Amino acid sequence: MKKKSEFRIEKQTMASTIYTCKECGSDLNLNPNDLFPPDFYFEAGNKGTLSFAAVDAEKFRFEKEDKIMPFFETLNYWGIQRKRTKIKCTSCNHLIGYIYDDGPPLTGGIGQYGFGPSQVIPRAPRYRFKTKAVQVSSQT
C-alpha cells in the first residue's frame, strides 16, 4: 500500500509535464508514465524521438502506410516493405510521428526457444513522436 506522500509525488509528476503539437499548440494528452526511458533498446533506434507505450486515440488521426521500397532506420536495421502507421494531430493534421510494432514482446518471455525476440512473436505497438514536432513543457 502506498503512503499519502507517494500519491502526491505521482500527481505532481504527471501534472508537471505537458506535451503539445509544435504546429498548432494543442495538448496531445500524453502521459509521462507511458514514456519509454531514453536508453530503452529498440531495433529501429530511438534517436530524435520520444516513444510512448500508449496514447489517447481521440487526440490523433492514424493513417496506415504500406510501401514496397528499401528503407533504412539505422545502419543495421533495414527492409524492403515498410508497414507503419502515421500519427497526425487532429487539430492541424500535421504529421508528428509513427506507430511501429517493435515495442516490448507481448509474451513477456525471452523469445521462442530462448533465442530472444523475433518478428514472429507479437510485439506491443510503440508510438514514436518526432522531437521536432512535439513541444515538451513543464508546469510548476
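Residues numbered from 1 in each chain as written. Predicted model: local features only at pLDDT ≥ 70, side-chain atom pairs only at ≥ 80, totals over all residues. Heavy atoms only, no water.

1. Some details on the overall build of the chain
At step 1: Each helix and strand in the chain was counted, giving 1 helix and 7 strands.
At step 2: Burial status across the chain gives 31% buried among its 140 residues.
At step 3: The long-range share in the chain, meaning contacts at least 24 apart out of those at least 6 apart in sequence, stands at 55%.
At step 4: In the form shown here, the chain has an accessible surface area of approximately 9600 Å², with 54% of it arising from carbon and sulfur atoms. (Helix = DSSP H or I, 4+ residues; strand = E, 2+ residues; numbered from the N terminus. Buried < 20%, exposed > 50% of the residue type's maximum accessible area, 1.4 Å probe, protein only. Contact = heavy atoms within 4.5 Å. Areas by Shrake-Rupley, 256 points an atom, 1.4 Å probe, with all protein chains shown as cover.)

2. Focus: the confidence of the model for the chain
At step 1: When pLDDT is averaged across the chain, the result is 77; 69% of the residues are at 70 or more.
At step 2: Summarising per-element confidence for the chain, the mean pLDDT is lowest in helix 1 (residues 4-16) (45) and highest in strand 1 (residues 17-21) (93).
At step 3: Predicted confidence is poor over residues 1-14, with pLDDT under 50, and the contacts of this stretch with residues over four places away or in other chains come to 6 contacts. (pLDDT = per-residue confidence, 0-100.)

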